[in-house]
Amino acid sequence: MAHRWENNLIQADVTPEPLWLNRRKVIGGALCAGVLGSIANPAMAQALEPNSWEDITNYNNYYEFGTNKEDPAANAHRLNTADWVIEVNGMVEEPGLYSVADLIEGLTEEERIYRFRCVEAWAMVVPWNGFELKDILDKVGVQSDAKYVAFETALRPDEMPGVRYNVLDWPYREGLRLDEALHPLTMMATGIYGKPIPNQNGAPIRLVVPWKYGFKSIKSIVRITLTDKEPPTSWSTSNSREYGFYSNVNPAVNHPRWSQATERKIGGGLFNRRHPTLMFNGYENEVANLYDGMNLKKFF
Ligand SMILES: Nc1nc2c(c(=O)[nH]1)N[C@H]1C(S)=C(S)[C@@H](COP(=O)(O)O)O[C@H]1N2
Ligand SMILES: [Mo]
């Protein structure tokens with residue numbers, strides 16, 4: 001059975017099964033019964049309509065290449081992704097320098113069609129190709145006292161024209177609690193629409209956490225650190241009043257400067273009306289239990 005995450009839709013998202021779904025290459029691995037419980041119900045298996053390649057690769061946030069949406073597409077070709085090395089360190093059995101090929105060797109590549117929701121209240125649907133982060137972490141061996149995973153993006157002033165501006169605390173840093181990192185929805189993406197992921201989307205490898213605001217999905221990763229302390233993140237360091245560590249999509253918790261109750265889908269066409277934001281971006285059934293007992297209003 002193929003991995004399919006395009007369930008749990010609101011009615012407005014439902015479209016006939018698009019033709020391209022027949023062409024896609026989906027390789028299924030072992031399924032997590034708990035997470036996929038709802039898929040057993042065929043009535044729930046509805047298709048999400050992905051955004052076009054043009055939308056996904058021309059409307060980006062990647063501040064290392066500039067803060068306008070069109071800057072990454074214009075500038076990210078400067079990033080040299082050849083011989084990319086990822087340092088894995090901290091509370092891990094096999095620390096060291098890994099190539100992307102080392103990290104994914106022997107793992108099952110999958111296509112996951114996920115909603116993607118930026119904290120700025122725009123949204124897309126992206127057909128990612130990649131790997132469960134859990135499989136990568138299993139490979140390097142997480143030590144039992146580790147509680148968080150920290151990630152860092154490359155910092156290359158010669159290739160990244162945006163990093164001379166102090167809009168963020170460089171290098172771009174992000175983090176997840178270990179159980180979030182090990183969740184089967186959390187992936188490391190290396191492709192989109194079956195093609196290698198373009199530089200502006202985070203080549204050669206980036207995180208994708210579909211139930212969190214997009215800024216958690218850090219691009220062009222060069223360091224993965226297992227730690228027992230909540231790691232500092234660039235957005236919360238730069239502006240702790242507006243951005244927190246958890247940053248789960250939540251229609252009931254507004255950004256201090258704008259509402260999160262609704263969102264606008266990029267490429268929505270002539271009548272591009274706003275849609276209601278979904279709790280955990282539509283992945284509530286899969287991830288709500290990670291936050292049992294937490295005050296979700298507080299843990300923005
Ligand atoms: N290194 C890095 N990663 C980043 C960003 C960034 O500026 N730098 N922007 C984040 C934000 S705010 C969003 S919404 C997503 C955008 O991903 P996309 O351009 O592939 O849609 O990337 C996230 N990852
Ligand atoms: Mo974002």
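In what follows, the accompanying structure is described. (Residues numbered from 1 in each chain as written. Chains lettered and ligands numbered in written order. Predicted model: local features only at pLDDT ≥ 70, side-chain atom pairs only at ≥ 80, totals over all residues. Heavy atoms only, no water.)

1. Some words on the side chain of Lys219
For step 1, the next point in the chain: With respect to the helices, strands and loops of the structure, Lys219 is situated in the loop between strand 9 (206–208) and strand 10 (221–227).
For step 2, the next point in the chain: No salt bridge is formed by the buried Lys219, whose closest oppositely charged neighbour, Glu64, lies at an N-O distance of 7.6 Å.
For step 3, the next point in the chain: In terms of polar contacts, Lys219 uses its side chain to reach the backbone carbonyl oxygen of Gln200, at 2.9 Å.
For step 4, the next point in the chain: Not counting the four nearest positions on each side in its chain, Lys219 is found in contact with Asn60, Asn61, Tyr62, Thr153, Gln200, Asn201, Gly202, Ile205 and Arg206. (Helix = DSSP H or I, 4+ residues; strand = E, 2+ residues; numbered from the N terminus. Buried < 20%, exposed > 50% of the residue type's maximum accessible area, 1.4 Å probe, protein only. Lys, Arg positive; Asp, Glu negative; His and termini not counted. Salt bridge = Lys/Arg side-chain N within 4 Å of Asp/Glu carboxyl O. Polar contact = N/O pair within 3.5 Å; in protein donor to acceptor, adjacent residues only side chain to side chain. Contact = heavy atoms within 4.5 Å.)

2. Observations regarding helix 4 (residues 133–140)
For step 1, the next point in the chain: Along helix 4, the residues classified as buried are Leu133, Ile136, Leu137 and Val140. Burial along helix 4 is one-sided: seen end-on, the buried residues are contained in an arc of 95 degrees.
For step 2, the next point in the chain: Trailing helix 4 by a residue or two, Gly141 shows a phi angle of about 80 degrees, which is positive. (Arc of directions from axis to C-beta.)

3. Re the site of ligand 1
For step 1, the next point in the chain: With respect to spatial proximity, 17 residues lie near ligand 1, and among them Asn60, Tyr63, Glu64, Thr153 and Lys219 are the closest.
For step 2, the next point in the chain: In the environment of ligand 1, an oxygen atom lies 2.8 Å from a nitrogen or oxygen atom belonging to the side chain of Asn60.
For step 3, the next point in the chain: Contacts to ligand 1 include Tyr63, whose backbone N or O atom sits 2.7 Å from an oxygen atom.
For step 4, the next point in the chain: Protein contacts shield 98% of the accessible area of ligand 1, which totals 530 Å² for the unbound molecule.
For step 5, the next point in the chain: Among the detected pockets, ligand 1 sits in the largest pocket. (Near = heavy atom within 4 Å. Areas by Shrake-Rupley, 256 points an atom, 1.4 Å probe, with all protein chains shown as cover. 1 Å grid on protein atoms, 1.4 Å probe; cavity = no way out; pocket = protein on both sides within 12 Å on 5 of 7 lines; lining within 4 Å. Sits in = over half its atoms within 2 Å of the grid points.)

In short, the description is geometric, and any link to function would need to be established separately.
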